[in-house]
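Descriptive structure summary
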Amino acid sequence: VQLVESGGGLVQPGGSLRLSCAASGFTFSSYGMRWYRQAPGKDRELVAFISTAGGRTTYADSVKGRFTISRDNAKNTVYLQMNSLKPEDTAVYYCHVARGPGYWGQGTQVTVSS
């Protein structure tokens, strides 16, 4: 199983970024996918979840209305569209699949700062 995140970077408050997570080594369409984030000195927190076909999504209260999770099962990729970014969104963002012991990507850094 391999998960590879991309799309992070430095953005000003109010800006947008789209993260991608390319998956391989398992039947992607059979698993729900999650995005987590971890800010310095804080615990890793669940940001968003999407079901196998994308029909069900859930979000942390802190990102509701600003972030959108989606997936393309033909491309084995899950996305996180992040709008109206705030400095408190600064973190390393990870995708996760709850297959077997659970697998994580290497993470992608998102920094929101002026």
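Now for a description of the structure that goes with this document. (Residues numbered from 1 in each chain as written. Predicted model: local features only at pLDDT ≥ 70, side-chain atom pairs only at ≥ 80, totals over all residues. Heavy atoms only, no water.)

**Examining the overall build of the chain**
- When helices and strands are counted, the chain shows 0 helices and 11 strands.
- For the chain, the N- to C-terminal ordering of α and β elements is β-β-β-β-β-β-β-β-β-β-β.
- Counting across all 114 residues of the chain, residues that qualify as buried make up 41%.
- Contacts in the chain between residues far apart in sequence, at least 24 positions, make up 51% of those at least 6 positions apart.
- With the model as given, the accessible surface of the chain reaches about 5,700 Å², and the carbon-plus-sulfur share is 45%. (Helix = DSSP H or I, 4+ residues; strand = E, 2+ residues; numbered from the N terminus. Buried < 20%, exposed > 50% of the residue type's maximum accessible area, 1.4 Å probe, protein only. Contact = heavy atoms within 4.5 Å. Areas by Shrake-Rupley, 256 points an atom, 1.4 Å probe, with all protein chains shown as cover.)

**With respect to the side chain of R37**
- Along the chain, R37 turns up in strand β4 (residues 33–38).
- Polar contacts involving the side chain of R37 include one to the side chain of Y93, which spans 3.0 Å. (Polar contact = N/O pair within 3.5 Å; in protein donor to acceptor, adjacent residues only side chain to side chain.)

**What about the nonpolar core?**
- With 28 residues, the main nonpolar core has W35, L80, M82 and Y93 as its most contacted residues.
- Going through the elements one at a time, β3 (17–24), β4, β5 (45–50), β7 (67–72), β8 (77–82), β9 (91–97) and β11 (108–112) are the ones with two or more residues in this core. (Core = buried A, V, L, I, M, F, W, Y, C linked by side-chain atoms within 4.5 Å.)

**Quick word on the sheet that holds β3**
- On the basis of which strands lie adjacent, the open sheet formed by 4 strands has the order β1-β3-β8-β7 and antiparallel pairing. Where the open sheet ends on each side, the last strands, each with one partner, are β1 (2–6) and β7. Ignoring strand direction, the axes of neighbouring strands in this sheet form an average angle of 15 degrees.
- When β1 meets β3, the two strands line up antiparallel, connected through 5 bridges. Within the sheet, the bridge partner assigned to Q2 lies in β3 and is S24. (Pairing = 2+ DSSP bridges. Axes fitted to C-alpha atoms, helices over the stretch in contact; angles between N-to-C directions.)

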